[in-house]
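Overview (structure and organization)
One-letter residues, chain by chain:
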Amino acid sequence: MTENETNPKYDDSGPRTADKTAQGVVIAFGRTMKTLRLRAGMDREELGRRLGYSAATIASFEQGRRIPPPRTIDRADDVLDAGGLLKLWKDEVERAQYPPFFQGMAQLEKQAMELLSYDTLVVKGLLQTEEYMRALLGMWRPPLDDETIEQRVTARLARQDIFDRRPTPLLSFVMDESVLRHQYGGKGVLRGQLEHLLLMGQRRNVEIQVMPIECDDNAGVDGAFTVVTRKDHKRFLYVEAQVTSALETDPEQVGLAAARYGIIRSQALAPRKSLELIERLLGEL
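Just so we're clear, the structure is a prediction, and the values are computed from it rather than from any experiment.

**A look at the packing of aromatic side chains**
- Within this structure, the stated rule accounts for eight aromatic pairs.
- Measuring from ring centre to ring centre gives 5.2 Å for tyrosine 53 and phenylalanine 61, while their planes differ by 85 degrees; the resulting arrangement is edge-to-face.
- In this structure tyrosine 53 comes out as partly exposed when scored by relative accessible area, which is 22%.
- Residue phenylalanine 61 is classed as buried on the basis of its relative accessible area of 1%.
- Consider the rings of tyrosine 118 and phenylalanine 225, whose centres lie 6.3 Å apart with planes at 55 degrees: the pair is tilted.

And the structure:
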């Protein structure tokens, strides 16, 4: 596999180094925000009131325990009369909100004009409801702390802006039927997730297909993967497992993956039939 070229912080020392780098960015941003607040003669309660947060949340931002969303950074820059100083941190802070193994892919999604995704274990993050996200994150072992869960939910929801972006990217999702049967978080969570998939499947730029359990031929038996085509027409293959990931840029390997995805799509149920299956599964809950 080739080096993750969309994530300049990736190196051979692995996820631990990347994680420390991201945390360092968040801490440095928080200290900068605190310095500007003190310079403005403002306490945490006043800043929180202007930004729509509690004083405790402002403390979490300043101490690097919580990552503010981009809109909050913009607002804080204006409120503290920072002259763009906080806004300079925005891209780095936004990247830091993702787990180190996903940072490169998060950047690619923002530049995608086409995304092809095959999933075998859980619903793709781009299609997850907030309740489904929380159920999955709550099952991590060792357990994630509450602030990390909140941070990752916020980041995952922000990624879903891809559906409303202009120009509209083409988005194709194929998932095993078993994904739609796992009751992660309970029947209520799954019911909401299936309803969400039915709504998303109605979008003109989204195709959702299901690989039925009784299918006797599946070109995707090697596991989940995603192929992204960037606006400059360069394609990438992303594979993730057990908090590690690989982002392949070799044209031959990416081309083979795209061809394999085409076969998977032909073996899966057509989009209309897939939505009918999802509706049937919803009725069985």
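Moving on from the coordinates now.
**Some points on the side chain of threonine 129**
- Structurally, threonine 129 is set in the loop between β1 (112-119) and α7 (130-138).
- Of note is the side chain of threonine 129, whose polar atom sits 3.1 Å from the backbone nitrogen of tyrosine 132.
- In contact with threonine 129, other than residues within four places in its own chain, are Gly192, Gln193 and His196.

**Comments concerning the sheet that holds β1**
- Here six strands make up an open sheet; going across it, the order is β3-β2-β1-β4-β5-β6 and the pairing mixed. Only two strands of the sheet have a single partner each, and these edge strands are β3 (206-211) and β6 (244-248). Across the sheet, the mean angle separating the axes of adjacent strands is 15 degrees when strand polarity is ignored.
- By the bridge criterion, six bridges tie β1 to strand β4 (residues 225-230) in an arrangement that is antiparallel. Note that in β4 the partner of tyrosine 118 across the bridge is phenylalanine 225.

**Here we look at the layout of surface pockets**
- In this structure, the largest pocket encloses a volume near 1,100 Å³.
- Lining the largest pocket we find 32 residues, and of these Phe101, Val122, Trp140, Arg156 and Glu240 sit closest to its centre.
- Elements with a minimum of two residues in the lining of the largest pocket: β1, α7, α8 (146-159), β4 and β5 (235-241).
- Lining the second largest pocket we find 15 residues, and of these Pro70, Glu94, Ala158, Arg159 and Asp161 sit closest to its centre.
- A breakdown of the residues in the lining of the second largest pocket according to their chemical character gives six nonpolar, two polar and seven charged.

**A closer look at the environment of proline 68**
- Mapping proline 68 onto the fold places it in the loop between α3 (55-62) and α4 (70-79).
- Classification of proline 68 by relative accessible area gives buried; the value is 5%.
- Along the primary structure proline 68 and lysine 124 are separated by 56 residues, whereas in three dimensions their C-alpha atoms are 24 Å apart.
- Ignoring any residue separated from it by four or fewer positions in sequence, one finds proline 68 in contact with Phe29, Phe61, Ile73 and Val93.

**Topic: the pattern of salt bridges**
- Scanning the entire structure with this criterion turns up 16 salt bridges.
- A salt bridge links glutamate 62 to arginine 44, with the shortest nitrogen-to-oxygen separation between them at 2.8 Å. Pair noted here: glutamate 62 is in helix α3 and arginine 44 is in helix α2 (residues 44-51), with a separation of 18 residues, a long-range link.
- The closest approach of N and O atoms between glutamate 150 and arginine 134, which form a salt bridge, is 2.6 Å. Note that glutamate 150 is positioned in helix α8 and arginine 134 in helix α7, a separation of 16 residues in sequence.
- Among the residues examined, arginine 134 registers a relative accessible area of 30% and is labelled partly exposed.
- Each of Arg37, Arg44 and Glu62 takes part in one network of salt bridges that share partners.

**Structural notes on the packing of helix α9 (residues 187-200) against helix α11 (residues 271-284)**
- Packing of α9 against α11 brings their axes to within 10 Å, and their N-to-C directions diverge by 155 degrees. Judged on the interaxial angle alone, α11 and α9 are roughly antiparallel. Judged by the sense of rotation from one axis to the other, the crossing of α9 with α11 is left-handed. Facing α9, whose interface residues are Arg191, Leu194, Glu195, Leu197 and Leu198, α11 presents Leu275, Ile278, Glu279, Leu281 and Leu282.
- Of the residues belonging to the contact of α9 with α11, the class tally is seven nonpolar, no polar and three charged.

**Some words on helix α6 (residues 103-111)**
- Of all the nine residues making up α6, seven are buried; the element is thus mostly covered by neighbouring parts of the structure.
- For α6, the set of buried residues is Gln103, Gly104, Met105, Ala106, Gln107, Leu108 and Glu109.

**Some details on the packing of α7 against α8**
- The interhelical angle for the contact between α7 and α8, taken along N-to-C directions, is 140 degrees, at an axis separation of 10 Å. Classified by the angle their axes make, α7 and α8 are oblique. The interaxial crossing formed by α7 with α8 has right-handed handedness. In this structure, α7 uses Glu130, Met133, Arg134, Leu136 and Leu137 to contact α8, whose residues at the interface are Ile149, Glu150, Arg152, Val153, Arg156 and Leu157.
- For the contact of α7 with α8, the class distribution of residues is six nonpolar, no polar and five charged.

Analysis parameters
Residues numbered from 1 in each chain as written. Predicted model: local features only at pLDDT ≥ 70, side-chain atom pairs only at ≥ 80, totals over all residues. Heavy atoms only, no water. Phe/Tyr/Trp six-rings, centres within 6.5 Å; stacked < 30°, edge-to-face > 60°. Buried < 20%, exposed > 50% of the residue type's maximum accessible area, 1.4 Å probe, protein only. Helix = DSSP H or I, 4+ residues; strand = E, 2+ residues; numbered from the N terminus. Polar contact = N/O pair within 3.5 Å; in protein donor to acceptor, adjacent residues only side chain to side chain. Contact = heavy atoms within 4.5 Å. Pairing = 2+ DSSP bridges. Axes fitted to C-alpha atoms, helices over the stretch in contact; angles between N-to-C directions. 1 Å grid on protein atoms, 1.4 Å probe; cavity = no way out; pocket = protein on both sides within 12 Å on 5 of 7 lines; lining within 4 Å. Points joined across faces, edges and corners; volume = space filled by probe spheres on them. Nonpolar A, V, L, I, M, F, W, Y, C, P; charged D, E, K, R; others polar. Salt bridge = Lys/Arg side-chain N within 4 Å of Asp/Glu carboxyl O. Parallel < 35°, antiparallel > 145°, perpendicular 65-115°, else oblique. Left-handed = near helix turned anticlockwise from the far one by under 90°.

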